[in-house]
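Spelled out, the chains give:
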Amino acid sequence: MTAFEIADKERRRISGELHDRVGPTLAAAGLNLHVIQERLLAGGDPELLQLIAESQALLSQAVTGIREMLDELRPARLEYAGLEAALADFERQYRRRTGIATRFEIALWTSGEIPGRLDSASEVLLFRVIQEALANCARHAKARHVDVELRCNLGIIELRIKDDGVGFIPEAIAAGENPPGLGLLEMRERTEAVGGSFSLSSSPGRGTQIFITIPCVRAHEALSAPQTP
Ligand SMILES: Nc1ncnc2c1ncn2[C@@H]1O[C@H](COP(=O)(O)OP(=O)(O)OP(=O)(O)O)[C@@H](O)[C@H]1O
Ligand SMILES: [Mg+2]
């Protein structure tokens with residue numbers, strides 16, 4: 001198992017635990033508060049009612065936070081509905097959360113093909129790269145607009161992510177005083193681990209562009225390919 005597969009497995013485990021253990025507990029606490037509120041409404045103390053309303057708001061913030069974490073850890077849509085559906089959800093949430101305008105252009109299937117699924121490792125890799133690159137746009141770039149293009153061309157998947165943000169000097173990251181982050185490094189290593197290529201170009205004031213290619217493996221091809229131990 002590669003380091004990335006181990007990390008993904010661990011993410012799945014944590015997301016399963018959050019979903020199964022914390023979710024029902026919060027739901028039960030919410031239900032209790034509701035019952036208390038109903039009883040108090042029939043002639044109860046207004047201060048207590050206020051406290052209950054505040055607790056309900058806190059609980060609903062916790063539920064929203066956990067939903068967002070679950071999505072980051074293991075977007076269920078990716079597993080069940082595939083890359084295109086998961087990206088559509090992600091794009092909508094990202095716009096709402098960050099206010100950054102997005103343009104996703106996804107063309108994995110030619111007009112003559114029946115749209116299907118990529119193999120699961122490719123779907124996870126592409127989703128994670130887009131997720132991390134867009135997190136960087138929101139955290140570092142001060143971008144107003146980000147473009148994502150994903151297409152399959154002659155058996156090669158090409159992914160280009162371009163923002164109109166502040167840009168940076170890539171060489172300065174490795175040589176900088178602060179320890180470099182893991183996001184870009186992981187993107188490169190994940191891509192190269194499947195025989196793909198990764199390139200990044202950026203300069204101050206000119207935004208940042210990431211371009212990766214990986215071999216295009218469809219789901220049925222992955223099934224019939226010889227299994228590696
Ligand atoms: N789109 C971008 N626009 C401007 N600067 C960027 C962009 N992407 C990356 N950077 C710069 O490159 C650095 C390294 O990015 P990387 O994703 O590897 O790490 P990080 O985001 O700082 O931390 P981590 O991803 O590990 O949480 C960032 O700290 C930032 O200075
Ligand atoms: Mg990052």
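One can find the structure itself at the top, above this paragraph.
Residues numbered from 1 in each chain as written. Chains lettered and ligands numbered in written order. Predicted model: local features only at pLDDT ≥ 70, side-chain atom pairs only at ≥ 80, totals over all residues. Heavy atoms only, no water.

When you go through the protein chain residue by residue, the secondary structure sums to eight helices and five strands. For the protein chain, the α and β elements follow one another from N to C terminus as α-α-α-α-β-α-β-β-α-α-β-β-α. Whereas a compact globule of 229 residues would reach a radius of gyration of roughly 17 Å, the protein chain reaches 22 Å, over 25% beyond that. Expressed along its principal axes, the backbone C-alpha trace of the protein chain runs to roughly 70 × 45 × 35 Å. Buried residues in the protein chain amount to 32% of all 229 residues. For the protein chain, the share of sequence-separated contacts (at least 6 apart) that also reach a separation of at least 24 residues comes to 66%. (Helix = DSSP H or I, 4+ residues; strand = E, 2+ residues; numbered from the N terminus. Rg over C-alpha atoms; globule rule 2.2 N^0.38 Å. Buried < 20%, exposed > 50% of the residue type's maximum accessible area, 1.4 Å probe, protein only. Contact = heavy atoms within 4.5 Å.)

Inspection of the region around ligand 1 gives 13 residues, with Asn136, His140, Asp163, Leu182 and Leu184 positioned closest. In the environment of ligand 1, an oxygen atom lies 2.8 Å from a nitrogen or oxygen atom belonging to the side chain of Asn136. Asp163 has a polar side-chain atom sitting 2.9 Å from a nitrogen atom of ligand 1. Isolated, ligand 1 exposes 590 Å² of accessible area, and the fraction of that covered by the protein chains is 79%. Listing elements by their share of the shell around ligand 1, those giving two or more residues are α5 (120-141) and α7 (183-193). When residues in the shell around ligand 1 are grouped by element, the largest group, five residues, is from α5. Of the residues that constitute the shell around ligand 1, the class distribution is five nonpolar, five polar and three charged. (Near = heavy atom within 4 Å. Polar contact = N/O pair within 3.5 Å; in protein donor to acceptor, adjacent residues only side chain to side chain. Areas by Shrake-Rupley, 256 points an atom, 1.4 Å probe, with all protein chains shown as cover. Nonpolar A, V, L, I, M, F, W, Y, C, P; charged D, E, K, R; others polar.)

Attention now moves to the pattern of salt bridges. Under the criterion given, the structure shown has 14 salt bridges. In this structure, Asp89 and Arg92 form a salt bridge, with 3.2 Å as the shortest nitrogen-oxygen distance. With Asp89 and Arg92 both in helix α4 (residues 83-98) and three residues apart, the pair spans about one turn of that helix. Here Arg92 falls in the exposed class, since its relative accessible area comes to 52%. One network of salt bridges, in which partners are shared, links Arg103, Glu105, Asp147, Glu149 and Arg151. (Salt bridge = Lys/Arg side-chain N within 4 Å of Asp/Glu carboxyl O.)

Turning our eyes to something else, we now look at the packing of helix α1 (residues 3-41) against helix α2 (residues 46-73). Two numbers describe how α1 lies on α2: the axes approach to 10 Å, and their chain directions differ by 165°. With respect to α2, the element α1 is oriented roughly antiparallel. The element α1 and its partner α2 pack so that their crossing is left-handed. Taken together, the residues of the contact of α1 with α2 break down into 19 nonpolar, seven polar and one charged. (Axes fitted to C-alpha atoms, helices over the stretch in contact; angles between N-to-C directions. Parallel < 35°, antiparallel > 145°, perpendicular 65-115°, else oblique. Left-handed = near helix turned anticlockwise from the far one by under 90°.)

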